[in-house]
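# Results of the structural survey
Spelled out from the first residue to the last, the chains are:
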Amino acid sequence: MGKLNLIVVAHPDDEILGFGATGRKLVDKGEVVQPVIISSGVEQRKNRPSDKVLLDDIKRANDIVGFNEPVLGNFPNIKLNNVDHIKLVNFIEKQIEEYDPSRIFTHHPADLNNDHLQVSRACVASSRLFQRKEGLSNLESLHYMEVLSSTDWSFSDGNVFQPNLYVEISEQIESKINALKEYKDVMREFPHPRSEEIIRGLASYRGGQSKQFYSEAFQTIFKREI
């Protein structure tokens, strides 16, 4: 088995929006992608489907990009600021102990969606577990990802997403888009940020920044070795 990548996100679809194509690329290379979705029920989501339909959507979307079956937390949607920080940390640490990841990817803390902020803070705290618990592998790297309709609206205080890692995804972008289409009422018509045109446009822009074709970008905040 190749390296394991733990993807810790707030809601169903975040794992595909932020990491769908890069994750597919890693799976194609023989690595493993294990999503953890903190607020899997998304009770406050407009036009939310039934529990069964939502679970089916999650499974089909993650199957398309080759991810493992996601770990589904039941923390409250759009209310993570009311959850004790330590409860989120403990939940994520449990997954780190279970899966012993080489890399962790999560939200940027300046995302417009406050659930993303809470997950990001808890994930960064949890990522230190390898430093204080025997038996865990050393974490190789920790990264923030960008999620359209959230990261792109972080206008507040200058603490914005600053990409420094670019992954070329030309062969995987169709899998990402097809996976997103499995989530009912997530994709929108152009010019909404979650339209197919904008997803391709962002990938083109990130590719242009790095002299690549379609690309996904990340902000690396911790990395061991060179």
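Structure report, in brief. Here the structure is a predicted model, which means the values were calculated and not measured.

Now for empty space enclosed by the protein. Across all of its chains, the model carries 2 cavities of 30 Å³ or more by this definition. Volume-wise, the largest cavity comes out at about 120 Å³. The wall of the largest cavity is formed by 14 residues, among which Leu 17, Lys 176, Leu 202, Ser 215 and Glu 216 lie closest to the centre. Elements with a minimum of two residues in the lining of the largest cavity: α1 (14–28), α6 (173–181), α7 (196–209) and β7 (215–223). Ranked by the residues each element gives to the lining of the largest cavity, the list is headed by α7, at 4 residues. In this model, the second largest cavity occupies a volume close to 60 Å³. Contributing to the lining of the second largest cavity are Ile 96, Asp 100, Pro 101, Ile 104, Ser 127, Phe 130, Leu 136, Ser 137 and Leu 139.

Moving on, we get to unusual backbone geometry. Geometrically, the link from Phe 190 to Pro 191 is a cis peptide bond, its omega value of 15° lying close to zero. Within the secondary structure, Pro 191 is located in the loop between α6 and α7. One non-glycine residue, Asp 13, adopts positive backbone phi at about 100°. Counting through the fold element by element, Asp 13 comes out in the loop between β1 (4–9) and α1.

By the secondary structure assignment, Lys 176 is in helix α6. Looking at Lys 176, the relative accessible area reads 7%, which means it is buried. Those residues in contact with Lys 176 that sit more than four places away from it in its chain are Ile 16, Leu 17, Gly 20, Ala 21, Val 65, Ile 199 and Glu 216.

The subject of this paragraph is the layout of surface pockets. Here the largest pocket defines a volume of roughly 380 Å³. Of the pockets and cavities examined, the second largest pocket occupies roughly 270 Å³. Breaking the lining of the second largest pocket down by element, the ones donating at least two residues are α1, β4 (103–107), β5 (141–145), β6 (165–168) and β7.

Working definition: the strands of a sheet are paired by backbone hydrogen bonds and lie parallel or antiparallel to each other. One open sheet holds the 7 strands; their spatial order is β3-β2-β1-β4-β5-β7-β6, and the pairing between them is mixed. In this open sheet, the two strands that pair with only one neighbour each are β3 (71–72) and β6. Bridge analysis of β1 against strand β2 (residues 32–37) gives 6 bridges, and the strand direction is parallel. By the bridge assignment for β2, Leu 6 is matched with Gln 34. Contacts from helix α4 (residues 114–126) reach β1, β4, β5 and β7, with the element oriented near 155° to β4.

With that settled, the discussion passes to helix α3 (residues 85–99). For α3, which comprises 15 residues, the first-to-last C-alpha distance of 22 Å matches the rise-based estimate of 21 Å (1.5 Å per residue) to within 8%. Of all the residues in α3, the buried ones are Leu 88, Val 89, Phe 91, Ile 92, Glu 93, Gln 95 and Ile 96. Contacts from the buried residues of α3 go to β1, β2, β3, β4, α4 and α5 (129–132). Just downstream of α3, Asp 100 is the residue with a positive phi angle, here 50°.

A few words on the nonpolar core. With 32 residues, the main nonpolar core has Ile 7, Ile 16, Phe 19, Phe 67 and Met 145 as its most contacted residues. Contributions of two or more residues to this core are made by β1, α1, β2, α2 (51–64), α6 and α7. If one sorts the elements of this core by residue count, α1 sits on top with 6 residues. Within the second largest apolar cluster, 26 residues are counted, among which are Leu 6, Leu 88, Val 119 and Cys 123.

By the criterion of burial, β4 is predominantly enclosed, with 5 of the 5 residues buried. Where β1 meets β4, 4 bridges bridge the pair, whose relative direction is parallel. If you follow Asn 5 over to β4, its bridge partner there is Arg 103. Here β4 runs beside β5; their pairing, made up of 5 bridges, is parallel. Residue Thr 106 lies in a different strand from β5, and its bridge partner there is Tyr 144.

Quick notes on the rules
- Residues numbered from 1 in each chain as written.
- Predicted model: local features only at pLDDT ≥ 70, side-chain atom pairs only at ≥ 80, totals over all residues.
- Heavy atoms only, no water.
- 1 Å grid on protein atoms, 1.4 Å probe; cavity = no way out; pocket = protein on both sides within 12 Å on 5 of 7 lines; lining within 4 Å.
- Points joined across faces, edges and corners; volume = space filled by probe spheres on them.
- Helix = DSSP H or I, 4+ residues; strand = E, 2+ residues; numbered from the N terminus.
- Buried < 20%, exposed > 50% of the residue type's maximum accessible area, 1.4 Å probe, protein only.
- Contact = heavy atoms within 4.5 Å.
- Pairing = 2+ DSSP bridges.
- Axes fitted to C-alpha atoms, helices over the stretch in contact; angles between N-to-C directions.
- Expected span 1.5 Å × (residues − 1).
- Core = buried A, V, L, I, M, F, W, Y, C linked by side-chain atoms within 4.5 Å.

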